[in-house]
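Residue-level structural notes
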Amino acid sequence: MAAAMDWLLWSLLLFSLTCDTRAFYVPGVAPINFHQNDPVEIKAVKLTSSRTQLPYEYYSLPFCQPSKITYKAENLGEVLRGDRIVNTPFQVLMNSEKKCEVLCSQTNKPVTLTVEQSRLVAERITEDYYVHLIADNLPVATRLELYSNRDGDDKKKEKDVQFEHGYRLGFTDVNKIYLHNHLSFILYYHREDLEEDQEHTYRVVRFEVIPQSIRLEDIKADEKSSCTLPEGTNSSPQEIDPTKENQLYFTYSVHWEESDIKWASRWDTYLTMSDVQIHWFSIINSVVVVFFLSGILSMIIIRTLRKDIANYNKEDDIEDTMEESGWKLVHGDVFRPPQYPMILSSLLGSGIQLFCMILIVIFVAMLGMLSPSSRGALMTTACFLFMFMGVFGGFSAGRLYRTLKGHRWKKGAFCTATLYPGVVFGICFVLNCFIWGKHSSGAVPFPTMVALLCMWFGISLPLVYLGYYFGFRKQPYDNPVRTNQIPRQIPEQRWYMNRFVGILMAGILPFGAMFIELFFIFSDYRWWWRNFLVSGGSAFYVLVYAIFYFVNKLDIVEFIPSLLYFGYTALMVLSFWLLTGTIGFYAAYMFVRKIYAAVKID
């Protein structure tokens, strides 16, 4: 269930992660020093595909297995991400070369895949699955060399090296399916400087792989599990026929190279983006446009307000003072409590809870505490912070609920603690049932779901009640004008004053709603819900772009991957709407209180 949640959190942290990609020592993560010929364990994480969005554990396919399979104890974030870290039979020794070695066999007999196994492997290859391995907690990467200049002499000068996480399980060519059955591991080490008469120590700083497909007949294996690969490009790839049994060898080789990269900087390769210039241009362009438009709108609003306030506060002509017009006309109704104040305050409380969680996560990430080397730390931190931020969400919801003349604070606290989390849990539970049916490692195990429920009702719920209690007891927000007992009749609205049209207008600029709201207040004092909905209007455009991306960029055609995509998108859009709606609501609320406090009203 973590694909979209993880994407959402990392997208929110994009700025903090791309500001400076220089790595440094992370608290709680210490380097491992290896001596010559020390074992370097190669572990498998999972299989992933962007087409299906369904991760699978490594041994869901008939790979060679060690004598004893041992799964690593994982944290909450790793489980939610679908990671199932397990040992593999690869034997790698520090700074020790291996030309070719056969897996799965004590003799020179090849591995036989049954028809069912062959069909499963062929299916995973056609679905573009990648295999993810780690060595010393460093993920394996496939080197991609791209050339921007095709001219012969300039090719080396214009070569652009990029890295792809994991390696492709196989490939297809002319309706035939081929498996990458030979892995050439290239590991880079950094030699540590020591005093004389001390043994050198090494640290792993990069882990690359070159996957190859070599047919059975071209691999010469002996009884000692050693093998000889064909020279050059004379070999043919290993085909997998899903309609019959297939025989093949699983082989690997190991090559070590010394590197100047220090251990503290070994993640730079994975964090460096290939299109840094385009990315920064996009960020700067967006910031300039946003500040330019907001500056223009601010100047217009400020000039208009100053003129209106000066006119309203004139006391020269008593008759003009008695005749109210403009936004002053609705001063007796602008702070009238809206319909369903409990639901509104509950949603805004959850928005505050979400905002506090994201703010702290970004701050902690900027300090380097959520390094990618701490696998699953981002998701674990986000989950626990959201639970503990319930006290702030409850406090803000309780105080707002009292301001809106609410009286049932216990029911309001329960609504705040369960409304948004209940929707998220319900959607995730339904999606998880489908993932269970696919036997994917992305399915959250039942004990983990019970643990999440215990966190929800054991941590978040009591903290929301605690915050709600103190927030409800606190003095409500002091509105600058009194509310009339009889509501003013609202005239018929123009088409562009429609709530949905307002959402479309405000969604162009995420925070543009605080400016547009002023025009709504002029003729419609029922602005509470409208303000909250319109402020989150940018979530509508996120949904539109997600649908556009699904139709034009992705090759997802099956029902369950499509359901997962739109289910995760719904969670992302809901959270984004809640976050931006809360920020816009409180910004507009303070704005309205400020302008009505500036005019003299009897």
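As the structure is a computational prediction, the values presented were derived from the model and not from experiment.

1. Examining the nonpolar core
Among the nonpolar cores identified, the biggest contains 99 residues, and Tyr58, Leu133, Phe185 and Phe207 are the most heavily contacted of them. When residues in this core are grouped by element, the largest group, 14 residues, is from helix 17 (residues 559–597). Ignoring any residue separated from it by four or fewer positions in sequence, one finds leucine 133 in contact with Ile42, Lys43, Ala44, Tyr58, Phe90, Leu138, Pro139, Val140, Tyr167, Leu183, Phe185 and Phe207.

2. Points about the confidence of the model for the protein
Averaged over every residue, the pLDDT of the protein is 80; residues scoring 70 or more account for 77%. When the criterion is pLDDT under 50, residues 1–28 qualifies, and its contacts beyond four places in sequence or with other chains add up to 60 contacts. For residues 511–523, every residue scores under 50 in pLDDT, and the model assigns this stretch 41 contacts once sequence neighbours within four places are set aside.

3. A few points about the packing of aromatic side chains
The geometry of an aromatic ring pair is captured by two quantities: the separation of the ring centres and the angle between the planes. Tallied over the entire structure, the rule returns 33 aromatic pairs. When the centroid spacing of 6.3 Å and the interplanar angle of 50 degrees are considered together, the rings of tyrosine 401 and tyrosine 468 count as tilted. Of this pair, tyrosine 401 sits in helix 10 (residues 390–403) while tyrosine 468 sits in helix 12 (residues 446–473), and the two are 67 residues apart along the sequence. Neither tyrosine 401 nor tyrosine 468 differs from the other in exposure class; each is buried. Aromatic side chains phenylalanine 540 and tyrosine 541 sit 5.7 Å apart centroid to centroid with 80 degrees between the ring planes, which places their arrangement in the edge-to-face category.

4. Quick notes on the side chain of threonine 569
With respect to the element layout, threonine 569 can be found in helix 17. The class for threonine 569 is buried, based on a relative accessible area of 5%. Once residues within four sequence positions are removed from consideration, threonine 569 is found in contact with Leu543 and Ala546.

5. Description of a nonpolar patch on the surface
Together, Phe429, Val430, Phe434, Trp436, Phe446, Val450 and Phe559 give the surface a local cluster of nonpolar side chains, amounting to about 670 Å² of exposed area. Secondary-structure elements contributing two or more residues to the nonpolar patch are helix 11 (409–437) and helix 12. Top contributing element to the nonpolar patch by residue count: helix 11, with four residues. Along the chain, valine 450 turns up in helix 12. A relative accessible area of 34% means that valine 450 is categorised as partly exposed.

6. Examining the packing of helix 10 against helix 12
Helix packing for two helices is described by the angle between their axes and how far apart those axes are. Running from N to C, helix 10 and helix 12 cross one another at 35 degrees; their axes reach a closest spacing of 6 Å. Pair helix 10 / helix 12 crosses with right-handed handedness. Of the residues in helix 12, those in contact with Gly390, Val391, Gly394, Phe395, Ala397, Gly398, Arg399, Tyr401 and Arg402 of helix 10 are Leu463, Val464, Gly467, Tyr468, Phe470, Gly471, Phe472 and Arg473. Grouping the constituent residues of the contact of helix 10 with helix 12 by class yields nine nonpolar, five polar and three charged.

7. Quick look at the UniProt feature "transmembrane region" (unreviewed entry) in the protein
Per the UniProt record, "transmembrane region" (unreviewed entry) is annotated on residues 280–302, 346–370, 376–401, 413–437, 449–472, 500–522, 528–551 and 563–589. End C-alpha atoms of residues 413–437 are separated by 36 Å, and the span's content is 100% helix alongside 0% strand.

8. Describing the state of the cysteines
The full count for this structure, using the stated rule, is two disulfides. Paired by a disulfide, cysteine 64 and cysteine 104 hold their sulfur atoms 1.5 Å apart. Disulfide cysteine 64-cysteine 104: the torsion about the S-S bond is -125 degrees, which places it as left-handed. Pair noted here: cysteine 64 is in the loop between strand 1 (42–48) and helix 3 (76–81) and cysteine 104 is in the loop between strand 3 (98–102) and strand 4 (111–113), with a separation of 40 residues, a long-range link. Among the residues examined, cysteine 64 registers a relative accessible area of 4% and is labelled buried. Assessed through its relative accessible area of 44%, cysteine 104 is described here as partly exposed. The disulfide bridge from cysteine 100 ends at cysteine 227, spanning 1.7 Å between sulfur atoms. Its S-S torsion of approximately -90 degrees makes the covalent link between cysteine 100 and cysteine 227 left-handed.

9. Considerations on unusual backbone geometry
Its identity is not glycine, yet asparagine 37 carries a phi of approximately 70 degrees, on the positive side. Positive phi, normally seen in glycine, also occurs at histidine 439, with a value near 55 degrees. Tracing the backbone through its elements, the reader meets histidine 439 in the loop between helix 11 and helix 12.

10. Here we look at the pattern of salt bridges
Counted under the stated rule, the structure contains 14 salt bridges. Across the pair aspartate 136 and arginine 266 runs a salt bridge whose closest N-O atoms are separated by 3.1 Å. Note that aspartate 136 is positioned in the loop between strand 5 (130–135) and strand 6 (138–139) and arginine 266 in the loop between strand 17 (251–258) and helix 5 (268–271), a separation of 130 residues in sequence. Side by side, aspartate 136 and arginine 266 carry an identical accessibility label, which is buried.

11. A closer look at helix 9 (residues 377–388)
The periodicity of an α-helix, 3.6 residues per turn, causes residues three or four positions apart to be oriented the same way. Given a rise of 1.5 Å per residue, twelve residues ought to cover 16 Å, and the 16 Å separating the end C-alpha atoms of helix 9 matches this to within 8%. Most of helix 9 sits out of view: nine of its twelve residues are buried. Within the sequence span of helix 9, burial applies to Ala377, Leu378, Met379, Thr380, Ala382, Cys383, Leu385, Phe386 and Met387.

12. Observations concerning the pairing of strand 12 (residues 182–191)
Counting buried positions over the ten residues of strand 12 gives nine, a clear majority of the element. When strand 12 meets strand 13 (residues 202–212), the two strands line up antiparallel, connected through ten bridges. Note that in strand 13 the partner of arginine 191 across the bridge is tyrosine 202. Both strand 12 and strand 17 contribute to a ladder of eight bridges, which runs parallel.

13. Description of the side chain of threonine 580
Following the sequence through the fold, threonine 580 ends up in helix 17. With sequence-adjacent residues up to four places away left out, threonine 580 is seen in contact with Ser535, Gly536 and Ser538.

14. Thoughts on the packing of helix 8 (residues 341–366) against helix 9
Between helix 8 and helix 9, the shortest axis-to-axis distance is 9 Å and the interhelical angle comes to 140 degrees. Classified by the angle their axes make, helix 8 and helix 9 are oblique. Crossing angle aside, the handedness with which helix 8 passes helix 9 is right-handed. Facing Gln353, Leu354, Met357, Ile360 and Val361 of helix 8, the residues of helix 9 in contact are Leu378, Thr381, Ala382, Leu385, Phe386 and Met387.

15. Considerations on the environment of proline 62
Inspection of the secondary structure puts proline 62 in the loop between strand 1 and helix 3. The class for proline 62 is buried, based on a relative accessible area of 18%. For proline 62 and valine 121, which are 59 residues apart along the polypeptide, the C-alpha to C-alpha distance reads 8.0 Å. If we ignore the near neighbours within four places in the chain, the residues touching proline 62 are Leu113, Gln117, Val121 and Phe250.

What counts and how
- Residues numbered from 1 in each chain as written.
- Predicted model: local features only at pLDDT ≥ 70, side-chain atom pairs only at ≥ 80, totals over all residues.
- Heavy atoms only, no water.
- Core = buried A, V, L, I, M, F, W, Y, C linked by side-chain atoms within 4.5 Å.
- Buried < 20%, exposed > 50% of the residue type's maximum accessible area, 1.4 Å probe, protein only.
- Helix = DSSP H or I, 4+ residues; strand = E, 2+ residues; numbered from the N terminus.
- Contact = heavy atoms within 4.5 Å.
- pLDDT = per-residue confidence, 0-100.
- Phe/Tyr/Trp six-rings, centres within 6.5 Å; stacked < 30°, edge-to-face > 60°.
- Patch = residues over 30% accessible without salt bridge, like charges linked within 9 Å, V, L, I, M, F, W, Y side chains within 5 Å.
- Areas by Shrake-Rupley, 256 points an atom, 1.4 Å probe, with all protein chains shown as cover.
- Salt bridge = Lys/Arg side-chain N within 4 Å of Asp/Glu carboxyl O.
- Axes fitted to C-alpha atoms, helices over the stretch in contact; angles between N-to-C directions.
- Left-handed = near helix turned anticlockwise from the far one by under 90°.
- Nonpolar A, V, L, I, M, F, W, Y, C, P; charged D, E, K, R; others polar.
- UniProt positions renumbered as here; feature names shortened; annotations may be inferred.
- Disulfide = S-S within 2.5 Å.
- Expected span 1.5 Å × (residues − 1).
- Pairing = 2+ DSSP bridges.
- Parallel < 35°, antiparallel > 145°, perpendicular 65-115°, else oblique.

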